[in-house]
Amino acid sequence: MKRLQVLAMTALGVALICLPLAAGAQEGEAPPKDPETGLIKAEGWETVRSNCTACHSAKLVTQNSGSRNHWQYLIRWMQETQGLWEFDAETESTILDYLAEHYGPKEGARRPPIPRALMPDNPYSTMAESG
């Protein structure tokens, strides 16, 4: 009987050790992507695909990132300079929600600015100095 208890406790210990590994694998899984465009398949992706890839490759979306305001700025820029049509409010909101959630700012993608105290002196005069 003692041998059976040791075997059961060992099996229970192994199961408890492996449980976090199995849970982590599910949490860390990459979201499914559309094989044609590479866009993450999530709510709103079809709207992004049909509106954004009408003019350019989806790679232009997937290689970039930004806040909701940044994506909105890009949409306005495309509307003002590239001939992008205006969206109804619901379509624009769907596009911005999707892009902000799935292509939002990347953690650590940019280094923090160098503190001014560590910067070398500017050898060029500025407008304020030339007064």
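Heads up: the structure comes first, above all this text.
Asker: Hey, could you run me through the pattern of salt bridges in this one?
Answerer: Any two side chains of opposite charge can pair, given that their charged atoms come close. According to the stated counting rule, one finds two salt bridges in the structure shown. Of the charged contacts, one joins R68 and D97 as a salt bridge, the two residues approaching to 2.4 Å between their closest N and O atoms. With R68 in helix α4 (residues 68-81) and D97 in helix α5 (residues 89-102), the pair connects residues that are 29 residues apart, well separated along the chain. Salt-bridge contacts for E92 lead to R76; the nearest nitrogen and oxygen are separated by 2.8 Å. With a gap of 16 residues between them, E92 in helix α5 and R76 in helix α4 connect regions that are remote in the sequence.

Asker: Help me out: how do you make sense of the packing of aromatic side chains in this one?
Answerer: What describes a pair of aromatic rings is the distance from one ring centre to the other and the angle between the planes of the rings. Applying the stated criterion across every chain, the model contains two aromatic pairs. Between W85 and F87, the ring centres sit 6.2 Å apart and the planes meet at 85°, which makes this aromatic pair edge-to-face. For W85, a relative accessible area of 37% gives the class partly exposed. Of the residues examined, F87 reaches a relative accessible area of 13% and is grouped as buried.

Asker: Explain the environment of G66 to me, please; I cannot follow it from the model alone.
Answerer: When you line up the elements, G66 lands in the loop between α3 (59-62) and α4. C-alpha of G66 to C-alpha of A100: the two residues are 34 residues apart in sequence and 6.7 Å apart in space.

Asker: Help me understand helix α2 (residues 45-52) in this model?
Answerer: Given 3.6 residues per turn, any residue in an α-helix points the same way as the ones three and four places further on. For α2, the complete set of buried residues consists of W45, V48, N51 and C52. Seen from one end, α2 has its buried residues packed into an arc of 140°, which puts them on one side. Elements in contact with the buried residues of α2: α3 and α5.

Asker: Which parts of the structure should I look at to understand the packing of α4 against α5?
Answerer: The geometry of a pair of packed helices is captured by two quantities: the angle between their axes and the separation between those axes. Remark: α4 packs on α5, axes separated minimally by 9 Å, with the N-to-C direction vectors making an angle of 130°. In terms of orientation, α4 lies oblique with respect to α5. Judged by the sense of rotation from one axis to the other, the crossing of α4 with α5 is right-handed. Here R68, W71, Q72, I75, R76 and Q79 of α4 lie close against α5, whose contacting residues are E92, S93, I95, L96, D97, L99 and A100. The residue makeup of the contact of α4 with α5, split by class, is six nonpolar, three polar and four charged.

The rules behind these values
Numbers given to residues run from 1 along each chain, matching the order in which its sequence is written. Given that the model is predicted, a residue must reach a pLDDT of at least 70 before its local features are reported, and side-chain atom pairs must reach 80 or more before they are shown or counted; all residues, however, enter totals for whole chains, interfaces and linings. Water and hydrogen atoms were dropped before computing side-chain values, which therefore reflect all heavy atoms in the structure. Here, a salt bridge means any Lys or Arg side-chain nitrogen found within 4 Å of an Asp or Glu carboxyl oxygen. Helix and strand definitions follow DSSP, with helices as H or I runs of at least four residues and strands as E runs of at least two, each counted in order from the N terminus. Classification of ring pairs rests on two measures: the distance between centres of Phe, Tyr or Trp rings, Trp counted by its six-membered ring, which must be within 6.5 Å, and the angle between planes, read as stacked under 30 degrees, edge-to-face over 60 and tilted in between. Accessibility here uses a 1.4 Å probe with only protein chains present; expressed as a share of the type maximum, an area under 20% marks a residue as buried, one over 50% as exposed, and anything in between as partly exposed. By definition, the arc is the one covered by directions from the helix axis to the C-beta atoms. In this description, contact between two residues means that some pair of their heavy atoms is separated by no more than 4.5 Å. Axis geometry follows a simple rule: fit a line to the C-alpha atoms, using only the stretch in contact for helices, then measure angles between N-to-C directions, giving values from 0 to 180 degrees. Throughout this description, any angle smaller than 35 degrees is read as roughly parallel, any larger than 145 degrees as roughly antiparallel, any in the 65 to 115 degree range as roughly perpendicular, and the remainder as oblique. Should the near helix be turned anticlockwise from the far one by less than a right angle, the crossing is termed left-handed; should it be turned clockwise, right-handed. Each residue gets one of three labels, nonpolar for Ala, Val, Leu, Ile, Met, Phe, Trp, Tyr, Cys and Pro, charged for Asp, Glu, Lys and Arg, and polar for the others, Gly among them.

All we've got here are geometric facts, nothing functional implied.
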